[in-house]
Amino acid sequence: MAKSRVKYICTECGFDTIKWVGKCPQCENWNTFAEEIIEEVKNKRAVEKSTSEIIPLSRQPDEDETRLETMISEFDRVLGGGIVAGSVILLGGDPGIGKSTLIMQAAAKLTTKCLYVTGEESIRQINLRAKRLKLESESLHLLAETNVDAILRHVKKFNPETVIIDSIQTMFHPGLDNAPGTVTQIRESTSHIMQFAKQNGIAFVLIGHVTKEGFIAGPKVLEHMVDTVLQFEGEKSHSYRILRAQKNRFGSTNEIGIFEMRDSGLAEVKNPSEIFLSEREGEISGSVITATIEGTRPVLLEVQALVTSSNYGNPQRVSTGFDTKRLSILLAVLEKRAGLHLSAQNVFLNIAGGIRILEPAVDLAICASIASSLLNKIASTKTIVIGEVGLGGEVRSVGNIEKRIQEAEKLGFENIYLPQNNMKNLVRKNHLSLIPVRNISDAIEELY
Ligand code: TYD
Ligand code: MG
């Protein structure tokens, strides 16, 4: 009945082919193909047993989706209000970043039955962690098992509301010969879990490790299968961690949750601006404060630049927390449109606190911090700089300007440099002095 054959699967994107190739035609990575044995079982009965039916859209289910709240508001908010019954969530992140800790703290707060399946650590280790985190829960249960079939049998009998699988890379389905952690095994195990979750209305949280490229290890295909993909990130050397939704079938992907790793586990950060600005050195060149929007919340951050002359060969451009390509573009704009000579300078850029910024509204602050370091001029510590910078050196308007201004006002800032075009929509009057800027050279002149 079962027929097996060999397939080659890209470990980055999951693309499969029957012939070995050096470069993946889908994700264009080199040498990413792994040989896998595929067992094909002709399952005629599955088709005959199918009970699907066509229903009109107008026939809607009476009940709303039920959500299980963990009461860790940073976690629930990212999920869009809690864990949806029957959904499958993938929680990805670097090894050691705190995934097990986060999920354990959240699981212990659930009031409904939850099963924590560990394939990485022993029950003893999990118990020790729970003790360290001072977690007490009547509803949380543990199981050490890596066989997906056995796990699902346990789940069927035990009937919990939520199941945590730590981690999906250690799981295997006994129907396949491949080793745990291979693309086929991860995909197969996940697809069994998905089916089971939907049929039984039980929510699953799968923990997955991330490779150095930043993908959930091996199969990016997992991301397409599951309902929600959460990414837990942060610099290991910093204590701040950010939870982001990369995909969410049940909520927005804009929200982030901010945590701090302490001895007693992860603590929610409710006022990120205060924390990110708390270690600021005062009046120092290269330091500029900006207001970004993370999800729906404004967050004030410090941008730091250090510009030094490069004596040998190619100048270095290093950035932490900001896209290096974008940095190169901004450097070119500064050179061409503001007349700053940067081509023979090393530029080091850092977003303080270990946070990563993706929105272009920080462009002007980055330019201002580079100019500050180059010219050795100091921006006032009571100043906030906001704006996107275009290739022509123009400062473009940004969204949510009112929220950014309010946050700056709340934290005692006095001046805000903002795009001229944002001025016309401002209705609220505030005590801050708003300084509109049209282009980058004006902004630098005004600032320094
Ligand atoms: P862990 O949750 O095991 O990471 P992951 O599951 O993502 O691999 O967390 C590992 C790190 O967190 C470890 O280096 C120690 C640190 N940690 C704390 O600082 N405080 C704590 O209370 C706990 C439980 C862990
Ligand atoms: Mg872990």
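Provided above is the structure to which this section pertains.
A brief report on the enclosed structure follows. (Residues numbered from 1 in each chain as written. Chains lettered and ligands numbered in written order. Predicted model: local features only at pLDDT ≥ 70, side-chain atom pairs only at ≥ 80, totals over all residues. Heavy atoms only, no water.)

## Focus: the overall build of the protein chain
- Helix and strand counts for the protein chain stand at 13 helices and 23 strands.
- Within the protein chain, buried positions represent 49% of all 448 residues.
- Charged side chains in the protein chain number 52 positive and 55 negative. The centres of these two groups are separated by 3 Å. (Helix = DSSP H or I, 4+ residues; strand = E, 2+ residues; numbered from the N terminus. Buried < 20%, exposed > 50% of the residue type's maximum accessible area, 1.4 Å probe, protein only. Lys, Arg positive; Asp, Glu negative; His and termini not counted. Charge placed at Lys NZ, Arg CZ, Asp CG, Glu CD.)

## Thoughts on empty space enclosed by the protein
- Overall, the coordinates contain 3 cavities of 30 Å³ or more when judged by the stated rule.
- Each pocket or cavity is described by its volume, and for the largest cavity that value is around 70 Å³.
- Surrounding the largest cavity, Arg280, Gly282, Ile284, Ser287, Val288, Ile289, Ala379, Ser380, Thr381, Thr383 and Val385 form its lining.
- Here the lining of the largest cavity gets 3 residues from one element, more than from any other, and that element is strand β15 (residues 287-294). (1 Å grid on protein atoms, 1.4 Å probe; cavity = no way out; pocket = protein on both sides within 12 Å on 5 of 7 lines; lining within 4 Å. Points joined across faces, edges and corners; volume = space filled by probe spheres on them.)

## Notes on helix α3 (residues 99-109)
- Most of α3 is tucked away: 10 of the 11 residues are buried.
- Those residues of α3 that fall on the buried side of the exposure criterion are Lys99, Ser100, Thr101, Leu102, Ile103, Met104, Gln105, Ala106, Ala107 and Ala108.

## Structural notes on the site of ligand 1
- Taken together, 16 residues sit near ligand 1, with Gly96, Lys99, Ser100, Thr101 and Arg129 positioned nearest.
- Between ligand 1 and glycine 98 there is a distance of 3.0 Å, counted from an oxygen atom to a backbone nitrogen or oxygen.
- At 3.3 Å, a side-chain N or O of arginine 132 approaches a nitrogen atom of ligand 1.
- The protein chains hide 75% of the 560 Å² of surface that ligand 1 would expose on its own.
- Residues of the shell around ligand 1, tallied by class, amount to 4 nonpolar, 6 polar and 6 charged. (Near = heavy atom within 4 Å. Polar contact = N/O pair within 3.5 Å; in protein donor to acceptor, adjacent residues only side chain to side chain. Areas by Shrake-Rupley, 256 points an atom, 1.4 Å probe, with all protein chains shown as cover. Nonpolar A, V, L, I, M, F, W, Y, C, P; charged D, E, K, R; others polar.)

## Thoughts on the sheet that holds strand β9 (residues 162-166)
- What the 9 strands build is an open sheet, ordered β8-β7-β9-β10-β6-β11-β12-β13-β14; its pairing is mixed. Across the chains shown, the open sheet's two edge strands, defined by having one partner strand only, are β8 (140-144) and β14 (265-268). Across the sheet, the axes of successive neighbouring strands diverge by a mean angle of 25°, strand direction being ignored.
- Relative to strand β10 (residues 203-209), strand β6 (residues 88-93) is paired through 6 bridges, and the arrangement is parallel. When the bridges of β10 are listed, glycine 93 appears paired with histidine 209.
- Relative to the sheet, helix α6 (residues 183-200) contacts β6, β9 and β10, its axis offset from that of β10 by approximately 160°. (Pairing = 2+ DSSP bridges. Axes fitted to C-alpha atoms, helices over the stretch in contact; angles between N-to-C directions. Contact = heavy atoms within 4.5 Å.)

## Examining the layout of surface pockets
- Estimated volume of the largest pocket: approximately 610 Å³.
- Taken together, 30 residues line the largest pocket, and the ones lying closest to its centre are Gln231, Glu233, Arg244, Arg356 and Leu358.
- Elements that contribute at least two residues to the lining of the largest pocket include exactly β11 (228-233), β12 (240-248) and β15.
- In terms of residue count, the dominant contributor to the lining of the largest pocket is β12 (4 residues).

## Brief notes about the packing of α3 against helix α4 (residues 123-132)
- Contact geometry for α3 and α4: axes closest at 11 Å, N-to-C directions at 70°. On the basis of the axis angle, α3 is roughly perpendicular to α4. When the axes of α3 and α4 are compared, the crossing they make is right-handed. When α3 is examined against α4, the residues Ser100, Thr101 and Met104 are found in contact with a partner set consisting of Ile126, Arg129 and Ala130. (Parallel < 35°, antiparallel > 145°, perpendicular 65-115°, else oblique. Left-handed = near helix turned anticlockwise from the far one by under 90°.)

## Describing the pattern of salt bridges
- Evaluated as defined, the whole model comprises 16 salt bridges.
- In this structure, glutamate 74 and arginine 77 form a salt bridge, with 3.5 Å as the shortest nitrogen-oxygen distance. Placement of both glutamate 74 and arginine 77 in helix α2 (residues 73-79) is noted, with a separation of 3 residues, approximately one turn of the helix.
- Overall, the relative accessible area of 1% leaves glutamate 74 in the buried class.
- Note that lysine 410 is salt-bridged to glutamate 407, the shortest N-O span being 3.3 Å. Taken together, the positions of lysine 410 and glutamate 407, both in helix α11 (residues 401-410) and 3 residues apart, correspond to about one turn of that helix.
- Exposure remark for glutamate 407: the relative accessible area of 9% places this residue in the buried category. (Salt bridge = Lys/Arg side-chain N within 4 Å of Asp/Glu carboxyl O.)

## Describing the packing of aromatic side chains
- Counted by the stated rule, this structure contains 3 aromatic pairs.
- Ring geometry for phenylalanine 232 against phenylalanine 259: centres 6.0 Å apart, planes inclined by 75°, an arrangement best described as edge-to-face. In this pair, phenylalanine 232 sits in strand β11 while phenylalanine 259 sits in strand β13 (residues 256-262), placing the two residues 27 residues apart along the sequence.
- In this structure phenylalanine 232 comes out as buried when scored by relative accessible area, which is 1%.
- Classification of phenylalanine 259 by relative accessible area gives buried; the value is 1%. (Phe/Tyr/Trp six-rings, centres within 6.5 Å; stacked < 30°, edge-to-face > 60°.)

## Focus on unusual backbone geometry
- Following aspartate 166, the chain continues to serine 167 via a peptide bond in cis, the omega torsion being 0°.
- Along the chain, the position of serine 167 falls in the loop between β9 and α6.
- One non-glycine residue, lysine 134, lies in the positive phi region at around 55°.
- You can see lysine 134 is positioned in the loop between α4 and β8.
- Non-glycine residue asparagine 400 carries a positive phi angle of around 55°.
- Along the polypeptide, asparagine 400 turns up in the loop between β21 (395-396) and α11.

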